[in-house]
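Now for the letters of each chain:
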Amino acid sequence: MNHDPYSWGRPSDSMYGEYNREIANAPTSMEQHTSSSNFNEHTTRPIVTGTSVVAIKYKTGVVIAADNLASYGSLLRFQGVERLHKVGKTTVVGISGDISDMQYLVKVLDQLSMDNNYDNDEYSDNVDELQPSYIFEYLSNLMYHRRSKMNPLWNALVVSGVDSKTGEPFLQYVNLLGVKYASPSIATGFGAHLAVPLLRRLADSEEQAAELTLEEAKKGIRDSMRVLFYRDTRSSKNYSLAIIDKDAGITYDNNVDVEDMSWKFAKDIKGYGTQKV
Amino acid sequence: MTGLSFDNHQRNQHLQSQHNVSFKTTSTGTTIVGIKFDNGVVIAADTRSTQGPIVADKNCEKLHRMAPKIWCAGAGTAADTEAVTQLIGSKLELQQLYTKREPRVVSSLQMLKQHLFKHQGHLGAYLIVAGVDPTGAHLFSVQAHGSTDVGYYQSLGSGSLAAMAVLESEYKMNMTKDEAIKLASDAIEAGIWNDLGSGSNVDVCVMEIGKDAQLLRNYRTPNVREVKEKSYKFARGTTGILRTEVIAEYEIDTSV
Amino acid sequence: MMTGQHGSQPIQHQFNPYSDNGGTLLGIAGEDFAILASDTRQSVDYSINTRLSHKIKAISPSLTAEFKAQNPKMIGTKNSILFGTNGFSADGDALTRQFEENWKWYVHDQNKSAMSMQSAARNVQHLLYGKRFFPYYVHTIICGLDEEGKGCLYSFDPVGSYEREQCRVGGAGASLIMPFLDNQVNFKNQYIPGTNSTERRKVDYLSLDECLKLVKDAFTSVTERHITVGDGLEIFIIDKNGVRCEYHDLKKD
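Just so we're clear, the structure is a prediction, and the values are computed from it rather than from any experiment.

The rules behind these values
- Residues numbered from 1 in each chain as written.
- Chains lettered and ligands numbered in written order.
- Predicted model: local features only at pLDDT ≥ 70, side-chain atom pairs only at ≥ 80, totals over all residues.
- Heavy atoms only, no water.
- Pairing = 2+ DSSP bridges.
- Helix = DSSP H or I, 4+ residues; strand = E, 2+ residues; numbered from the N terminus.
- Axes fitted to C-alpha atoms, helices over the stretch in contact; angles between N-to-C directions.
- Contact = heavy atoms within 4.5 Å.
- Buried area = accessible area lost by both parts, 1.4 Å probe.
- Salt bridge = Lys/Arg side-chain N within 4 Å of Asp/Glu carboxyl O.
- Polar contact = N/O pair within 3.5 Å; in protein donor to acceptor, adjacent residues only side chain to side chain.
- Nonpolar A, V, L, I, M, F, W, Y, C, P; charged D, E, K, R; others polar.
- UniProt positions renumbered as here; feature names shortened; annotations may be inferred.
- Expected span 1.5 Å × (residues − 1).
- Buried < 20%, exposed > 50% of the residue type's maximum accessible area, 1.4 Å probe, protein only.
- Arc of directions from axis to C-beta.
- Core = buried A, V, L, I, M, F, W, Y, C linked by side-chain atoms within 4.5 Å.

A.B. asks: I'm lost on the sheet that holds strand β12 (residues 238-245) of chain A in this one. Help?
C.D. replies: The strands that make up a sheet pair up through hydrogen bonds in the backbone, lying either parallel or antiparallel. Residue and element names in this part refer to chain A. The sheet built from five strands is open, its strands ordered β11-β2-β3-β12-β13 with antiparallel pairing. Only two strands of the sheet have a single neighbouring strand rather than two, namely β11 (185-187) and β13 (249-257). With strand direction ignored, the average angle separating the axes of adjacent strands in the sheet is 10 degrees. Direction of pairing for strand β2 (residues 53-58) relative to strand β3 (residues 61-67): antiparallel, over a ladder of six bridges. Pairing of tyrosine 58 across the sheet is with glycine 61, part of β3. Across the sheet, helix α6 (residues 190-202) touches β2 and β11, and the angle it forms with β11 is around 170 degrees.

The structure is reproduced here in structure tokens:
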């Protein structure tokens with residue numbers, strides 16, 4: 001996927017020719033009843049956006065990170081916006097793309113876990129905790145449903161966690177089109193171009209991910225976040241990092257900084273060609 | 001008549017607006033990098049060339065020689081990178097004969113950017129220029145519109161982000177030649193594995209101060225095709241001969 | 001992208017509900033077996049989403065303990081349907097799920113053990129045509145055994161036009177592989193040597209082994225020449241014993 005949220009869900013003309021918008025403009029049966037206007041007032045572009053989410057599986061869990069910045073176009077508008085969300089006891093959902101749609105999703109997820117808690121408190125006969133796979137199933141259906149109504153939630157989501165019954169690490173992706181996939185390492189937006197190549201060097205298959213230690217995985221994520229801060233103009237130094245481990249549960253730090261940067265050689269670079277001083 | 005001919009421009013514009021035709025170019029949807037080291041500079045490239053989603057050439061050469069010790073890695077429109085590189089290469093040689101001095105990397109850079117700027121981005125050449133000359137080792141990049149960039153490491157092409165991720169996490173100052181070759185190859189490999197526009201092999205060119213430039217063609221070959229399950233030789237006669245005709249040979253008298 | 005410029009009309013930006021997720025899907029029906037194969041790469045633009053996605057699902061009646069004990073490597077019975085989609089993966093997943101749902105209700109309501117290939121094909125047509133004006137952007141191929149136990153394959157276009165065929169390729173590599181299969185499976189453009197293009201080579205069923213070789217060569221070849229095909233190859237085989245699945249690595253560049 002293109003790294004720029006503004007181009008998400010838009011056709012690449014060079015490859016397919018211009019998109020036939022007649023198809024998309026046809027009203028659905030429901031809209032014919034409810035809307036008198038020819039135009040639907042739906043999200044057609046993101047406004048305040050969050051950039052990459054990066055994650056990798058390791059032997060006994062998943063490490064996931066996203067920076068704490070919400071951008072308004074090229075303006076770095078809000079610092080301290082957390083984009084990693086705990087759902088249930090063993091799941092963390094990372095969200096990039098439109099922030100208002102993210103906040104709606106968080107509301108939905110909160111309601112989901114609240115409903116689950118009512119049905120599964122200590123007095124219940126059969127406690128069925130929310131598993132990452134349940135949450136992913138819910139979210140992927142929601143995303144595909146909304147895209148099919150031509151009213152997408154302009155986000156790319158990463159659902160990470162461990163299954164509390166089997167201890168199996170879980171990592172899956174879904175975006176505004178409802179396209180979903182699983183992989184040992186996943187990143188959204190710019191991260192798909194910059195972080196994934198680094199993470200795939202650590203684990204390119206499930207077998208390799210099952211051999212990866214927590215320290216190696218953490219280093220991979222730290223390196224990725226540093227490279228993203230170097231190269232993604234919509235990223236910030238300050239980020240959140242979550243580790244979901246089958247034994248230790250969720251470890252969440254919302255205040256990590258990119259470290260070990262080197263900008264030293266910049267002073268030796270003069271101009272853009274032949275300049276000497 | 002020198003330079004490019006624009007005779008067909010108006011006709012082409014008309015064809016594209018009136019009919020459903022487009023003019024496709026072979027793009028080297030590419031990963032290329034350049035890295036400075038201790039005593040020189042190294043450039044590297046993958047070897048896949050594409051036309052849309054189809055692989056046009058599995059082992060093409062994207063490393064071009066402009067002068068014996070000035071080499072260029074090219075991304076973008078294949079024809080443009082080759083043409084522009086050859087053009088500046090021959091200018092460089094004429095200049096060398098005229099001035100009786102070794103060509104300099106900055107000269108080639110200046111000529112490239114002026115040529116590309118003149119054509120306002122219509123020549124889709126994205127180049128990493130590197131070489132050694134009497135003033136030392138140099139590494140630059142040039143964009144199609146004529147802007148240039150200096151740095152200790154550069155990457156360009158559709159796989160440039162994958163390559164740059166590796167460069168940003170592993171580059172260090174004052175590497176040895178071997179370290180630089182390894183890092184350059186690793187960066188290209190990141191492009192080969194992660195970018196669909198890049199693939200096949202790694203080509204490397206090392207330019208060390210005081211030594212001849214060294215082209216390491218197919219320095220790494222991580223994508224050798226496995227043997228096929230089956231042979232597809234047809235029995236002779238599977239395609240029949242429907243008709244044979246013998247054309248008599250005529251002698252043409254060319255004398256006046 | 002905008003339509004409508006005047007003040008009274010709102011500016012409309014366009015949302016494109018589709019993407020191309022690459023890959024190739026290939027099916028061959030033999031005399032008493034059928035195979036359905038696909039690569040496991042899922043991509044978008046120039047990026048690889050994952051090297052291991054599953055574009056084919058074996059939809060099978062539940063396996064008895066006895067069956068499992070006798071056939072530990074089988075993942076379905078001979079009454080299974082191999083369901084493969086290629087194109088826009090979100091639609092492919094949705095279509096597969098819809099069909100599976102229909103399949104389950106059908107066997108339940110009709111008190112049958114499975115659905116015939118004929119009925120399955122007609123149902124897929126209805127699913128696809130039901131979204132005629134907002135199509136599932138996928139090429140669908142289903143494989144199984146027909147009521148006589150013969151290998152059976154149906155292929156569908158995105159809006160539900162379908163046909164029973166001997167072999168079919170869908171997706172990115174279709175134009176590269178289909179001519180090869182025409183020549184190697186249906187012996188198109190092959191004549192009997194010595195007859196000077198007067199007598200065509202007779203079409204005959206290929207053995208399973210021969211078909212598997214063709215499938216592997218087709219996929220290694222298309223991996224060489226198409227950028228969205230690669231990473232891995234999943235081959236599902238259905239015959240009178242049941243369904244099994246083979247995996248082979250493909251090049252990852």
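A.B. asks: Looking at this structure, I do not really get the sheet that holds strand β2 (residues 33-39) of chain C. What am I missing?
C.D. replies: All names here are of chain C. Spatially, the five strands line up as an open sheet ordered β10-β1-β2-β11-β12, and their pairing is antiparallel. Strand pairing shows two members of the sheet lacking a second neighbour, β10 (167-171) and β12 (242-249), which therefore form its edges. When strand polarity is set aside, the average angle formed by the axes of neighbouring strands in this sheet is 15 degrees. Pairing between strand β1 (residues 24-29) and β2: five bridges, direction antiparallel. Paired with leucine 25 across the strands is serine 38, a residue of β2. Of the strands in this sheet, β1 and β10 touch helix α4 (residues 174-184), which is tilted by about 170 degrees from β10. Seen against the sheet, helix α5 (residues 208-225) touches β1, β2, β11 (232-239) and β12 and runs at an angle of roughly 15 degrees to β2.

A.B. asks: Whenever I open this one, the interface of chain B and chain C confuses me. Can you help?
C.D. replies: Where interface size is quoted, it is often the accessible area lost as the parts come together. Contact with chain B, which involves 35 residues of that partner, is made by 35 residues of chain C. Each partner contributes to the roughly 2900 Å² buried at the junction of chain B and chain C, and carbon and sulfur atoms together form 51% of this total. Of all residues in chain B, the largest losses of buried area upon contact with chain C belong to B:Leu196, B:Arg225 and B:Glu229, amounting jointly to 24% of the total for that side. Linking chain B to chain C there are three salt bridges. The partner of C:Glu210 in a salt bridge is B:Lys230, with the nearest N and O atoms 3.4 Å apart. At the junction of chain B with chain C, the criterion picks out 18 residue pairs in polar contact (both at pLDDT 80 or more). For the side of chain B that touches chain C, the secondary structure elements donating two or more residues are β4 (54-57) and α5 (177-194) of chain B. Looking at which element gives the most residues to the side of chain B that touches chain C, the answer is β4(B), with four residues. Its residues assigned to classes, the side of chain B that touches chain C comprises 13 nonpolar, 12 polar and 10 charged.

A.B. asks: Looking at this structure, how should I read the UniProt feature "domain: Proteasome beta subunit C-terminal" (unreviewed entry) in chain B?
C.D. replies: When the UniProt feature table is mapped onto this chain numbering, "domain: Proteasome beta subunit C-terminal" (unreviewed entry) sits at residues 222-251 of chain B. With 0% helix and 0% strand, residues 222-251 of chain B has end C-alpha atoms that lie 55 Å from one another.

A.B. asks: Looking at this structure, I do not really get helix α4 (residues 99-119) of chain A. What am I missing?
C.D. replies: For an α-helix the count is 3.6 residues per turn, leaving residues at separations of three or four pointing the same way. Residue and element names in this part refer to chain A. Between its first and last C-alpha, α4 extends 30 Å over 21 residues, near the 30 Å set by a 1.5 Å rise per residue. Among the residues of α4, those classed as buried are Ile99, Asp101, Met102, Leu105, Val106, Val108, Leu109, Leu112, Ser113 and Asn116. Around the axis of α4, the buried residues are gathered within 165 degrees of arc, so they sit on the same side. Exposed positions of α4 whose direction lies more than 90 degrees from the buried face are Gln103, Lys107 and Tyr118.

A.B. asks: What should I look at first to understand the nonpolar core in this one?
C.D. replies: Soluble globular proteins: nonpolar side chains tend toward being buried together. If you look at the biggest cluster of nonpolar residues, it comprises 53 residues, and the most contacted ones within it are A:Ile221, B:Ile35 and B:Val42. Among the elements that line this core, the one with the most residues is α5(B), at eight residues. Contacts of A:Ile221, omitting those with residues within four sequence positions, involve A:Val54, A:Ala55, A:Ile56, A:Val63, A:Ala65, A:Leu199 and A:Leu241. Counting residues in hydrophobic clusters, the runner-up holds 50 residues, among them A:Ala55, A:Leu84, A:Tyr181 and C:Ala114.

A.B. asks: Looking at this model, I keep getting lost on the interface of chain A and chain B. Mind explaining?
C.D. replies: On the side of chain B, 23 residues touch chain A, which itself brings 19 residues to the contact. Of the roughly 1800 Å² buried between chain A and chain B on both sides combined, carbon and sulfur atoms contribute 65%. It is A:Arg201, A:Phe265 and A:Tyr272 that lose the most area in chain A upon contact with chain B, and together they represent 29% of the buried surface on that side. Scanning the region where chain A abuts chain B turns up two salt bridges. When the shortest N-O distance is used, the salt bridge between A:Arg231 and B:Glu168 registers 2.5 Å. At the surface where chain A touches chain B, the tally comes to three residue pairs in polar contact (both at pLDDT 80 or more). Counting residues per element, the ones that place at least two in the side of chain A that touches chain B are α6 and α8 (214-231) of chain A.

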